[in-house]
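Overview (structure and organization)
Each chain, written out:
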Amino acid sequence: METNFSINYENKVVKVTLSGSLDAKRAPALADEIKKLIGKDIEKIVFFAKDLEYISSAGLRVIIFSKQKIGIDIKLYMVGATEGVLDVIKMSGIDNIMEITDTYEE
Amino acid sequence: MADIIMPANMENFDRLMDFIQVEAENAGFDKKLVNKIRLACEEIIINVINYAYPDKEGDIEIKCNSNKDGSGFFIKIIDWGAPFNPLAKPEPDINAPADEREIGGLGIFLVRKVIDKFDYTREGNSNILTLFKYLS
């Protein structure tokens, strides 16, 4: 199962669209892309997770890392995540650092 | 019982994970539980790949089978590295603010959360980690 992700930065908002598996093999590529944003003026990072089927601790670490590295004041959003993915997010306690929503309005 | 053995490296990661997924599906777990089993096994597999063989190549073996009455499923993950029990690590403080959180322990914390029973044994020169999950 391949993860394809896309990442877009515009008007202080980073949009990351996730699909497939975000696991130990695939998370590093996303972390690399997020590292490129360090130092930019960012208010929000929005993860679109409707098509994300599986996330492991390696994937969760990228989300935690994005807040740690880009700025502790930025807002994180997780949009449209499936029940299984949300379970893992809640188990790990990182629902505390993000807003979980069904849809995202500009 | 199903069994797979191969060199413990990232190139084999997908094959190891696919093996566990297929075996867990065959045992009758629904998609959500299959993913929890994958989550736990991924942590252990990554631990073996990254740490079991610091200065040589080595193998990882995974054995899966259902228990006698069919109510659950065992996964044994075996390596031949130095004695190491990943589950002996302390739990992370999941309520710590994001900027203070210790990142490394999260995976093992999740293994403890999603798996019903686990057991570590050192047998000869092998580490054997056994995970058990009830079907429901």
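I will try to describe carefully the structure that is included in this document.

Thresholds, definitions, all that
- Residues numbered from 1 in each chain as written.
- Chains lettered and ligands numbered in written order.
- Predicted model: local features only at pLDDT ≥ 70, side-chain atom pairs only at ≥ 80, totals over all residues.
- Heavy atoms only, no water.
- Helix = DSSP H or I, 4+ residues; strand = E, 2+ residues; numbered from the N terminus.
- Buried < 20%, exposed > 50% of the residue type's maximum accessible area, 1.4 Å probe, protein only.
- Pairing = 2+ DSSP bridges.
- Contact = heavy atoms within 4.5 Å.
- Buried area = accessible area lost by both parts, 1.4 Å probe.
- Salt bridge = Lys/Arg side-chain N within 4 Å of Asp/Glu carboxyl O.
- Polar contact = N/O pair within 3.5 Å; in protein donor to acceptor, adjacent residues only side chain to side chain.
- Nonpolar A, V, L, I, M, F, W, Y, C, P; charged D, E, K, R; others polar.

All right, on to unusual backbone geometry then. Residue and element names in this part refer to chain A. Phi at Asn 11 takes a positive value of approximately 50°, unusual for a residue other than glycine. The residue Asn 11 is located in the loop between strand S1 (5-10) and strand S2 (13-22) in this model. Non-glycine residue Lys 12 carries a positive phi angle of around 65°. By the element assignment, Lys 12 lies in the loop between S1 and S2.

Residues and elements named next belong to chain B. Counting buried residues along strand S5 (residues 126-134), eight of its nine residues qualify, which places the element largely inside the surrounding structure. Pairing between strand S3 (residues 72-79) and S5: eight bridges, direction antiparallel. Across the sheet, Ile 77 pairs through a bridge with Leu 129, a residue of S5. For strand S4 (residues 117-123) and S5, the ladder comprises seven bridges, and the chain directions are antiparallel. Each bridged residue has a counterpart across the sheet, and for Glu 123 the counterpart in S5 is Ser 126.

Contacts between chain A and chain B engage 29 residues on the former and 28 residues on the latter. For the pair chain A and chain B, the two sides together bury roughly 2300 Å², of which 58% comes from carbon and sulfur. Between the two partners, chain A and chain B, sit five salt bridges. Between A:Asp87 and B:Lys36 there is a salt bridge, and its shortest N-O distance comes to 3.4 Å. Here chain A is connected to chain B by 12 residue pairs in polar contact (both at pLDDT 80 or more). When residues of the side of chain A that touches chain B are traced back to their parent elements, those giving at least two are strand S3 (44-55), helix H2 (57-70) and helix H3 (83-92) of chain A. With seven residues, H2(A) is the largest single contributor of residues to the side of chain A that touches chain B. Looking at the side of chain A that touches chain B residue by residue, the classes come out as 12 nonpolar, eight polar and nine charged.

Scope: geometric values only; no functional claims are made or implied.
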